[in-house]
Amino acid sequence: MLAALAIRGNEERLARRTQQQELVALFAADGMTLDPALIPTDTAVSTYALTRDETAERKAAAFLLGDNLERTTQGGGIYTYTSQQGAAAFRDTGSFDAAGSLSQENAEAFCRDFCKAFSYDTPIFTLDETGSGTATAVRLWNGTPVFNAAVTFTIDQGRVLSASGALLPETGAETSSGQKPLSAFAALTAFQQMRHASSSVVSSITEVSLCYELQSTTAAPMALVPSWRIVTDTATFYVNCISGTVRRA
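Now for a description of the structure that goes with this document. Please read these numbers as outputs of a predicted model, since none were measured by experiment. (Residues numbered from 1 in each chain as written. Predicted model: local features only at pLDDT ≥ 70, side-chain atom pairs only at ≥ 80, totals over all residues. Heavy atoms only, no water.)

**Remarks on the packing of helix α2 (residues 54–65) against helix α3 (residues 107–117)**
The angle between the axes and the distance between the axes are what describe a pair of packed helices.
Line of reasoning, step 1. Interaxial distance between α2 and α3 falls to 11 Å at its minimum, and their mutual angle equals 170 degrees. Comparing the axis directions of α2 and α3 gives the class roughly antiparallel. The segment α2 lies against α3, with Ala60, Phe63 and Leu64 engaging Phe110, Asp113 and Phe114. (Axes fitted to C-alpha atoms, helices over the stretch in contact; angles between N-to-C directions. Helix = DSSP H or I, 4+ residues; strand = E, 2+ residues; numbered from the N terminus. Parallel < 35°, antiparallel > 145°, perpendicular 65-115°, else oblique. Contact = heavy atoms within 4.5 Å.)

**Examining the packing of aromatic side chains**
By convention here, two paired aromatic rings are described through the distance between centres and the angle between planes.
Line of reasoning, step 1. Here the structure, examined in full by the defined rule, presents 15 aromatic pairs.
Line of reasoning, step 2. Three or more aromatic residues joined by ring pairs make a cluster, and in this case those are Phe63, Tyr81, Phe90, Phe96, Phe110, Phe114, Phe118, Tyr120 and Phe153.
Line of reasoning, step 3. One cation-aromatic arrangement involves arginine 71 over tyrosine 79; the distance from NZ or CZ to the ring centre is 3.9 Å. (Phe/Tyr/Trp six-rings, centres within 6.5 Å; stacked < 30°, edge-to-face > 60°. Lys NZ or Arg CZ within 6 Å of the ring centre and 35° of its normal.)

**Digging into the layout of surface pockets**
Line of reasoning, step 1. Estimated volume of the largest pocket: approximately 300 Å³.
Line of reasoning, step 2. In terms of lining residues, the largest pocket is bounded by 13 residues, among which Asp121, Ile124, Ala137, Val138 and Arg229 are the most central.
Line of reasoning, step 3. When contributions to the lining of the largest pocket are tallied by element, the ones reaching two or more residues are β7 (133–141), β8 (144–156) and β13 (236–240).
Line of reasoning, step 4. Considering only residue class, the lining of the largest pocket consists of eight nonpolar, three polar and two charged. (1 Å grid on protein atoms, 1.4 Å probe; cavity = no way out; pocket = protein on both sides within 12 Å on 5 of 7 lines; lining within 4 Å. Points joined across faces, edges and corners; volume = space filled by probe spheres on them. Nonpolar A, V, L, I, M, F, W, Y, C, P; charged D, E, K, R; others polar.)

**Quick word on the pairing of strand β9 (residues 159–166)**
Line of reasoning, step 1. Sheet topology note: the strand β5 (residues 95–100)/β9 ladder contains five bridges and is antiparallel. Among the inter-strand pairings, alanine 98 is bridged to a residue of β9, identified as alanine 163.
Line of reasoning, step 2. Of the pairings in the sheet, the one linking β8 to β9 comprises six bridges and is antiparallel in character. Residue pairing in the sheet places aspartate 156 in a bridge with arginine 159 of β9.
Line of reasoning, step 3. The hairpin turn running from β8 into β9, its antiparallel successor, is two residues long, and glutamine 157 in that turn takes a positive phi close to 50 degrees. (Pairing = 2+ DSSP bridges.)

**Focus: the environment of glutamate 207**
Line of reasoning, step 1. Its place among the elements puts glutamate 207 in strand β11 (residues 205–215).
Line of reasoning, step 2. Owing to a relative accessible area of 32%, glutamate 207 belongs among the partly exposed residues under this scheme.
Line of reasoning, step 3. Residues glutamate 207 and aspartate 35, spaced 172 residues apart in sequence, show a C-alpha to C-alpha distance of 9.4 Å.
Line of reasoning, step 4. Dropping the residues within four chain positions of it, glutamate 207 is found in contact with Leu38, Arg229, Ile230 and Val231.
Line of reasoning, step 5. Of note is the side chain of glutamate 207, whose polar atom sits 3.1 Å from the side chain of serine 209. (Buried < 20%, exposed > 50% of the residue type's maximum accessible area, 1.4 Å probe, protein only. Polar contact = N/O pair within 3.5 Å; in protein donor to acceptor, adjacent residues only side chain to side chain.)

**Some remarks on the nonpolar core**
Line of reasoning, step 1. Formed by 27 residues in total, the largest nonpolar core has its most connected members in Leu64, Phe96, Phe114, Tyr120 and Phe153.
Line of reasoning, step 2. Among the secondary structure elements, those contributing two or more residues to this core are α2, β3 (78–83), β4 (86–91), β5, α3, β7, β8 and β9.
Line of reasoning, step 3. No other element matches the five residues that α3 contributes to this core.
Line of reasoning, step 4. Ranked by size, the runner-up nonpolar core spans 22 residues in total, among them Met32, Ala184, Ala187 and Val239. (Core = buried A, V, L, I, M, F, W, Y, C linked by side-chain atoms within 4.5 Å.)

**Some remarks on the pattern of salt bridges**
Line of reasoning, step 1. Per the stated rule, a full pass over the model turns up nine salt bridges.
Line of reasoning, step 2. Measuring nitrogen to oxygen at the nearest pair gives 3.0 Å for the salt bridge that ties glutamate 207 to arginine 229. With a gap of 22 residues between them, glutamate 207 in strand β11 and arginine 229 in strand β12 (residues 223–232) connect regions that are remote in the sequence.
Line of reasoning, step 3. Take arginine 229: its relative accessible area is 25%, and that puts it in the partly exposed class.
Line of reasoning, step 4. Between arginine 247 and glutamate 213 there is a salt bridge; the shortest N-O distance is 3.5 Å. Linking arginine 247 in strand β14 (residues 246–248) with glutamate 213 in strand β11, this pair joins segments that are 34 residues apart in sequence.
Line of reasoning, step 5. The exposure class assigned to glutamate 213 is buried, which follows from its relative accessible area of 11%. (Salt bridge = Lys/Arg side-chain N within 4 Å of Asp/Glu carboxyl O.)

**Examining α3**
Line of reasoning, step 1. Every buried residue belonging to α3 is among Ala107, Phe110, Cys111, Phe114 and Cys115, and all of these are buried. Looking straight down α3, one finds its buried side chains confined to an arc of 130 degrees; they lie on one side.
Line of reasoning, step 2. Backbone geometry just downstream of α3 places serine 119 in the positive-phi region, at approximately 65 degrees. (Arc of directions from axis to C-beta.)

Written as structure tokens, this is what we have:
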């Protein structure tokens, strides 16, 4: 049995190496550089349906507006929280926005603390000499980035005046789409086909990694669908693992 497993393992490695070489040659024929070491061996992560977490929404509202909150229902799945500091609206699709005097001082610490508390990546600050500008961070779900679920803070002279983006629950139910998700090889092939059709100018691939895409449908207001993130020397592209759709960031 061990010998059979070893033979199978060698055959799989050989098949993968051959597939890598063919893909690298395909890209090279188009004048594009692809290092075979960049092609992940991971299989695509699962699709998840998320259920709204009102406790997390209230916690986020309290972080942004203080503890003395009043909640009202606007209809259409919208809850609004208000306090003397401002107001925040949360939707069943995961999106939210808040405005007011969210922080009185140390805006950078405020943004970092919010991102740490609600599972975002480290925020990136774009500020001028007056301490005005924005901070943005991508949501991480089980450590994997959700490329279209971020939070953005507006900062004016060291004070946070607004926050908007996606607030997602920490857990979800694994679902099945009825089809096998695209592998990294298939995603790169789909990307190459899109590049041909759109005449996108690309000369090298610099990164290929898994991520999620937040989607909203009538059946599932919040769903996380796996995607492949393909970073090139000119732009970043995302390949949906279920539909095969390629989109440019």
